[in-house]
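A structural walkthrough
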Amino acid sequence: MVSPALPPLREVIARHGLSASKALGQNFLFDEKLLDRIAAIPGDLAGRNVLEIGPGPGGLTRALLRAGARVTAIERDPRCLPALAEVSEAFPARLTVIEGDALTIDPAGLFDAPYDIVANLPYNVGTALFIGWLSGENWPPQWRSLTLMFQQEVAQRIVARPGNGTYGRLAVLAQWRSQAHLAMKVHRSAFTPPPKVMSAIVHVTPGTMPEHVSARMLERITEAAFGQRRKMLRQSLKSLNGAVEALTTLGIDPQRRAETLSVDEFIAIARQLSR
Ligand code: SAM
């Protein structure tokens, strides 16, 4: 796709006085090649709807538009709007910018077709949105993929396998009815200003919802089990009615600890208790 000429991002930032705000977790990406590689993670975006959270001055937004997507972007910092308006002008009818806090905006009202979500967000906002997108009884969700930048340590927790110290609630939530994988590591020096830690991009696609399992029940089980992750399951699951008996019925040794249980074993316990 031929891209319209836009001024370099550094110039846009200088012209609009977009000094990075620490409070808004602003660490910008300028390298177009890197941004194009990130925009390629969800697959061919030509003609697809993309929800971008936190476009900032629009580096990733430009890459998504170059890839052919129609982008709706939610940005909290009003200082970024003039820079984004220039991007919108360069890609007529392809970019809609919504000023607001993504934590309070329901994307369901923004699209009537499936959409891909792409975001480079501050850690706390990203994790809260991620948990929201993966929770709830309704499945499959309206989104067809998530491509999200996290601190590398958080990304590793999302894709962790049992038996690993980083395996916990986030891994079970991300894997019990989705496929989650670490798509790319991003060095801290790629950002302006560079954050203290390394980053990584996680890519998630929805899978099939296991039958006869309540999402809420699975959440309660993982909350109890990992809330006391050093304890044996017979202790950590005591507060959940019928959970210890379910372990026996399923042949799961109650002396095991939460971090040794596979995602399928968590699903089996939830199914037993959802009856
Ligand atoms: N996407 C740009 C890039 O990759 O260079 C900017 C990334 S910067 C890490 C995070 C962006 O998210 C900032 O522009 C910030 O203002 C915005 N942001 C922070 N909290 C937000 C929220 N709750 N809702 C929407 N945008 C938010």
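What counts, and where the lines are drawn
Residues numbered from 1 in each chain as written. Predicted model: local features only at pLDDT ≥ 70, side-chain atom pairs only at ≥ 80, totals over all residues. UniProt positions renumbered as here; feature names shortened; annotations may be inferred. Helix = DSSP H or I, 4+ residues; strand = E, 2+ residues; numbered from the N terminus. Rg over C-alpha atoms; globule rule 2.2 N^0.38 Å. Buried ≥ 20, exposed ≤ 12 C-beta atoms within 10 Å, placed from the backbone. Contact = placed C-beta atoms within 7 Å. Arc of directions from axis to C-beta. Axes fitted to C-alpha atoms, helices over the stretch in contact; angles between N-to-C directions. Parallel < 35°, antiparallel > 145°, perpendicular 65-115°, else oblique. Left-handed = near helix turned anticlockwise from the far one by under 90°. Nonpolar A, V, L, I, M, F, W, Y, C, P; charged D, E, K, R; others polar. Near = placed C-beta within 6 Å. Domains from an automatic or database assignment. Pairing = 2+ DSSP bridges.

Going by what an unreviewed UniProt entry lists, the protein chain is known as Ribosomal RNA small subunit methyltransferase A and is assigned to Altericroceibacterium spongiae. UniProt lists a comment for the protein chain under the heading Catalytic activity (unreviewed entry), and it reads "adenosine(1518)/adenosine(1519) in 16S rRNA + 4 S-adenosyl-L-methionine = N(6)-dimethyladenosine(1518)/N(6)-dimethyladenosine(1519) in 16S rRNA + 4 S-adenosyl-L-homocysteine + 4 H(+)".

Description of the overall build of the protein chain
Secondary structure assignment for the protein chain yields 11 helices and nine strands. For the protein chain, whose C-alpha radius of gyration is 21 Å, the value lies close to the compact-globule estimate of 19 Å for 275 residues. Out of the 275 residues belonging to the protein chain, those deemed buried represent 39%. Here the contacts in the protein chain between residues at least 6 apart in sequence split such that 66% fall between residues at least 24 apart.

Remarks on helix H4 (residues 81-90)
By the burial criterion, the buried members of H4 are Ala83, Leu84, Val87 and Ser88. Seen from one end, H4 has its buried residues packed into an arc of 145°, which puts them on one side. Of the surrounding elements, those touching the buried residues of H4 are helix H1 (9-15), helix H3 (59-66), strand S3 (70-75) and strand S4 (95-99).

Here we look at the packing of helix H8 (residues 215-227) against helix H11 (residues 263-274)
It is the contact of H8 with H11, at a shortest axis distance of 9 Å, that shows an interaxial angle of 120°. Relative to H11, the element H8 lies oblique. In the crossing of H8 with H11, the sense of the turn from one axis to the other is right-handed. Contact residues: Met217, Leu218, Ile221 and Thr222 in H8; Phe266, Ile267, Ile269, Ala270, Leu273 and Ser274 in H11. For the contact of H8 with H11, a count of residues per class yields eight nonpolar, two polar and no charged.

Looking at the site of the ligand
The local shell around the ligand holds 24 residues, among which Gly54, Gly56, Arg76, Ala102 and Asn120 are the closest. For the shell around the ligand, the secondary structure elements donating two or more residues are strand S1 (28-29), H3 and S3. Residue composition of the shell around the ligand, by class: 13 nonpolar, seven polar and four charged.

What to know about the domain arrangement of the protein chain
Its domain assignment divides the protein chain into domain 1 (9-206) and domain 2 (215-274). The distance between the C-alpha centroids of domain 1 and domain 2 comes to 33 Å. Counting residues at the interface gives 11 residues for domain 1, matched by 14 residues for domain 2. Split by residue class, the side of domain 1 that touches domain 2 holds four nonpolar, five polar and two charged.

Focus: the sheet that holds strand S9 (residues 199-206)
Two modes of strand pairing occur in sheets, parallel and antiparallel, and in both the strands are linked by backbone hydrogen bonds. In spatial order, the strands read S4-S3-S2-S5-S6-S9-S7; together these seven strands make up an open sheet with mixed pairing. Because the sheet does not close on itself, it has two edges, and the strands there are S4 and strand S7 (178-186). Strand-to-strand twist of the sheet, defined as the mean angle between neighbouring strand axes without regard to direction, takes the value 20°.

Some words on the environment of Arg188
Inspection of the secondary structure puts Arg188 in the loop between S7 and strand S8 (191-192). Sequence-wise, Arg188 and Phe130 are 58 residues apart; in three dimensions their C-alpha atoms are separated by 22 Å. Other than its neighbours up to four places away in sequence, Arg188 contacts Pro194, Pro195, Val197, Met198 and Ser199.

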